[in-house]
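# Remarks on the overall topology
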Amino acid sequence: MSIASAERKLGWGLLAPALLWTAAFFVVPFLAMLALSFAHMEGRAIVSGFDPGNYIRAFTDWSQLKALINSVEITVTVTVISVVLAWPLAAIIAWQVPARFQRLALLMAVLPFWTSYVVRSYSWLLVLGKNGVINKALMGIGVISEPLALASTRTATVIGFVHFFVMLLTLTIYANLIQLSPNYARAAQDLGASRWATFVHVILPLTLPGVITGAFVTFVLCIGDYITPQILGGNTELTLPQLIMLQMGRSGNFPMASALSVVLMGVVTVAYAACSRWLRLDRL
Amino acid sequence: MKLLGWVYLALGYAFVFLPVVVLVVFSFQDGRLPVPPFQGFSLQWYEKILSDSGLMTALWHSALVAFISSGLALLMGFLAAHALARVRLPGSVLMRGLLIAPMTVSYLIIALGLLTTFNQTGVKLSLITAGIGHVVINLPLCFAIAFAAMGDHQKNAERAARDLGASEVQVLWHISAPMLAPALAAAFFLSVTFSWDEFIIAFLLTRFEVTLPVEIWSMLRSGLSPATNAVGSLVFLVSISMVFLLEIFLFRRVK
């Protein structure tokens with residue numbers, strides 16, 4: 001046996017566990033789900049077949065389509081707000097905070113990241129609820145006389161999400177900013193660019209890869225999340241993951257849940273295609 | 001301009017910390033509701049949750065699932081990364097893509113796929129099925145971190161060891177793993193925190209024995225309670241202790 005083929009054998013041997021695991025518990029389940037999405041329900045029994053009915057329903061039945069629209073609207077809102085809030089935060093930490101405190105400043109800025117995800121959403125209820133901190137404070141200083149309905153609204157969902165993703169984006173944007181050599185800005189200003197022009201035409205474009213990568217991760221995590229809209233948004237305006245859970249739980253309609261999941265993956269794929277030019281997922 | 005920066009930073013921190021501070025403060029509430037006014041300092045809710053056997057069992061389950069699934073994910077991810085970094089194999093770009101792929105799919109979808117498969121094959125739901133799901137989500141992470149950490153300087157050391165007659169297992173154990181130790185440890189602890197805190201996979205793939213996030217979820221059904229605050233504060237305390245330990249022991253040494 002030649003050395004090359006022995007090497008190759010060894011390589012396959014080392015790869016095998018990871019590949020087999022991914023095949024058995026990721027690829028096969030995905031295919032099973034895909035097959036199931038073309039099945040339909042008769043009573044409470046699942047009848048397999050090749051029936052595109054679930055997909056037709058996902059896009060024509062208003063109660064299903066509305067969830068998709070809600071999800072996309074919320075996710076886009078969250079992504080935009082989070083980027084706009086996180087960029088200056090990352091910039092201040094990178095440029096204004098003294099170098100030896102930067103690591104600490106960053107660690108502090110993402111500290112609540114490490115609380116339990118479920119509990120983090122719950123703790124926003126304490127802030128936004130009818131008897132929560134904000135309402136009590138506003139009523140205490142006499143700004144309002146009746147509590148504001150903040151919890152169980154889309155606003156609450158968006159706030160909960162933005163809180164989480166500002167932390168995430170601050171990290172990714174900071175990582176990008178810190179790699180920028182100050183010489184770019186110096187060169188632009190030496191060539192007569194104003195501070196604003198330097199920012200818009202030099203700094204901002206250079207941070208675009210980091211911003212887009214972070215925004216994409218935000219998009220993927222946000223649109224697939226069940227916890228935050230369920231706890232903070234309540235059941236008034238369902239998102240796609242909430243609808244998927246409802247289909248599974250209440251009616252046991254696994255085929256419909258599968259079809260909606262495939263639609264969800266489709267949306268993520270579209271988002272990926274839209275920003276693949278700038279994505280550096282391998283550098284996360 | 002500078003002042004504006006500090007003000008923004010302060011506001012940013014206020015926003016980020018607001019819910020956590022409220023959570024922790026009202027875990028000490030001497031009353032039945034974790035909302036203002038603050039009625040006095042009390043540890044009764046901590047006593048209550050620490051003596052809650054359901055909660056403590058769930059905590060133990062979570063730790064078990066997190067450490068075992070992360071260990072498996074790290075082992076498989078490290079071996080695969082080693083293979084792909086060292087040996088030229090046909091289709092290696094494709095395989096790298098396949099190993100990373102689960103990262104881009106929502107946990108909910110991974111859980112639903114596994115649930116479908118387990119239902120169809122008659123596998124009973126348990127902590128093991130949840131653990132399987134957690135390996136699926138953490139394997140790409142461990143693989144990517146290990147793969148990114150492998151450099152030329154390490155390849156040279158491995159080659160030297162091999163020339164001196166070390167077997168492949170010896171190379172892996174005595175050269176590769178120690179040289180990659182900081183990255184591997186980071187991958188492991190990141191996996192542990194993800195698994196420890198993961199809800200939807202654990203929720204859908206367990207039945208009678210549940211993990212901590214699932215147990216907390218069922219506590220939420222009974223409405224706001226300082227007991228939930230206390231659990232959340234404890235989880236927070238454990239997590240940040242781990243982060244600071246990592247920071248002190250691991251990242252200091254790398255510099």
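These numbers were taken from a predicted model, which means no experiment stands behind them.

## Regarding the overall build of chain B
- When you go through chain B residue by residue, the secondary structure sums to 12 helices and zero strands.
- Going residue by residue from the N terminus, the α and β elements of chain B occur as α-α-α-α-α-α-α-α-α-α-α-α.
- For chain B, the spread of C-alpha atoms along the principal axes amounts to about 70 × 60 × 35 Å.
- Here chain B holds 255 residues, and 45% of them are scored as buried.
- Restricting to contacts in chain B with at least 6 residues of sequence separation, those with at least 24 account for 75%.

## Focus: the overall build of chain A
- If you tally the helices and strands in chain A, you get 12 helices and two strands.
- For chain A, the succession of helices and strands along the chain, N to C, is α-β-β-α-α-α-α-α-α-α-α-α-α-α.
- The globule rule puts the C-alpha radius of gyration for 284 residues at 19 Å, and the 24 Å found for chain A is more than 25% above it.
- Expressed as lengths along the three principal axes of its C-alpha atoms, the size of chain A is roughly 80 × 70 × 35 Å.
- Contacts spanning at least 24 positions in sequence make up 70% of the contacts within chain A whose residues lie at least 6 apart.

## Re the interface of chain A and chain B
- Every contact between the two is made by 63 residues of chain A and, on the other side, 67 residues of chain B.
- Of the residues forming the side of chain A that touches chain B, the biggest block, 19 residues, is contributed by helix H1 (residues 3-36) of chain A.
- For the side of chain A that touches chain B, the per-class residue count stands at 46 nonpolar, 13 polar and four charged.

## A closer look at helix H11 (residues 212-220) of chain B
- Here H11(B) lies mainly inside the structure; seven of its nine residues are buried.
- Residues B:Leu212, B:Pro213, B:Val214, B:Glu215, B:Ile216, B:Trp217 and B:Met219 constitute the buried set of H11(B).

## A closer look at the confidence of the model for chain B
Residue and element names in this part refer to chain B.
- Per-residue pLDDT for chain B has a mean of 88; in total, 97% of the residues score no lower than 70.
- Ranking the elements of chain B by mean pLDDT puts helix H12 (residues 226-254) last with 79 and helix H10 (residues 200-205) first with 95.
- If you check the scores for this complex, the pTM reads 0.88 and the ipTM reads 0.88.

## With respect to the nonpolar core
- One finds A:Leu260, B:Ala80, B:Ile110, B:Ala111, B:Cys142, B:Phe143 and B:Ala146 to be the most contacted residues of the largest nonpolar core, which totals 146 residues.
- Among the elements that line this core, the one with the most residues is helix H3 (residues 53-86) of chain B, at 15 residues.
- Residues in contact with B:Ala146, not counting those within four places in the same chain, are B:Gly77, B:Phe78, B:Ala81, B:Leu180, B:Ala183, B:Leu184 and B:Ala187.

## Some details on unusual backbone geometry
- For A:Ser152, which is not glycine, the phi dihedral falls at a positive 55°.
- Relative to the helices and strands, A:Ser152 resides in the loop between helix H6 (133-140) and helix H7 (154-179).

## Topic: the packing of H7(A) against helix H1 (residues 2-25) of chain B
- Running from amino to carboxyl end, H7(A) crosses H1(B) at an angle of 125°, the nearest separation of the two axes being 10 Å. Looking at the two axes, H7(A) sits oblique to H1(B). Read as a crossing pair, H7(A) and H1(B) show a hand that is left-handed. Of the residues in H1(B), those in contact with A:His163, A:Val166 and A:Met167 of H7(A) are B:Phe15, B:Val16 and B:Pro19.
- In the contact of H7(A) with H1(B), the residues fall into five nonpolar, one polar and no charged.

## Side note on the confidence of the model for chain A
- Of all residues in chain A, 97% have pLDDT values of 70 or greater, and the mean over the chain is 87.
- When mean pLDDT is taken per element in chain A, helix H3 (residues 62-95) of chain A scores highest with 94 and helix H8 (residues 182-190) of chain A scores lowest with 81.

## Side note on the environment of A:Leu260
Residues and elements named next belong to chain A.
- Tracing the backbone shows Leu260 in helix H12 (residues 254-275).
- The class of Leu260 is buried, set by 29 C-beta atoms lying within 10 Å.
- Once the C-alpha coordinates of Leu260 and Gln64 are considered, the two residues, 196 residues apart in sequence, prove to be 8.6 Å apart.
- Contact partners of Leu260, with chain neighbours within four places excluded, come to Ala58, Leu240, Leu243, Ile244 and Gln247.

## What about the packing of H7(A) against helix H9 (residues 195-223) of chain A?
Residues and elements named next belong to chain A.
- Across the interface, H7 lies against H9 with an axial gap of 9 Å and an inter-helix angle of 155°. Comparing the axis directions of H7 and H9 gives the class roughly antiparallel. The handedness of the crossing between H7 and H9 comes out as right-handed. Of H9, the residues touching H7 (which contributes Phe161, Phe165, Leu168, Leu169, Thr172, Ile173, Ala175, Asn176 and Leu177) are Thr207, Pro209, Gly210, Val211, Thr213, Gly214, Val217, Thr218 and Cys222.
- Classifying every residue of the contact of H7 with H9 gives 11 nonpolar, seven polar and no charged.

The rules behind these values
- Residues numbered from 1 in each chain as written.
- Chains lettered and ligands numbered in written order.
- Predicted model: local features only at pLDDT ≥ 70, side-chain atom pairs only at ≥ 80, totals over all residues.
- Helix = DSSP H or I, 4+ residues; strand = E, 2+ residues; numbered from the N terminus.
- Buried ≥ 20, exposed ≤ 12 C-beta atoms within 10 Å, placed from the backbone.
- Contact = placed C-beta atoms within 7 Å.
- Rg over C-alpha atoms; globule rule 2.2 N^0.38 Å.
- Nonpolar A, V, L, I, M, F, W, Y, C, P; charged D, E, K, R; others polar.
- pLDDT = per-residue confidence, 0-100.
- Core = buried A, V, L, I, M, F, W, Y, C linked by C-beta atoms within 7 Å.
- Axes fitted to C-alpha atoms, helices over the stretch in contact; angles between N-to-C directions.
- Parallel < 35°, antiparallel > 145°, perpendicular 65-115°, else oblique.
- Left-handed = near helix turned anticlockwise from the far one by under 90°.

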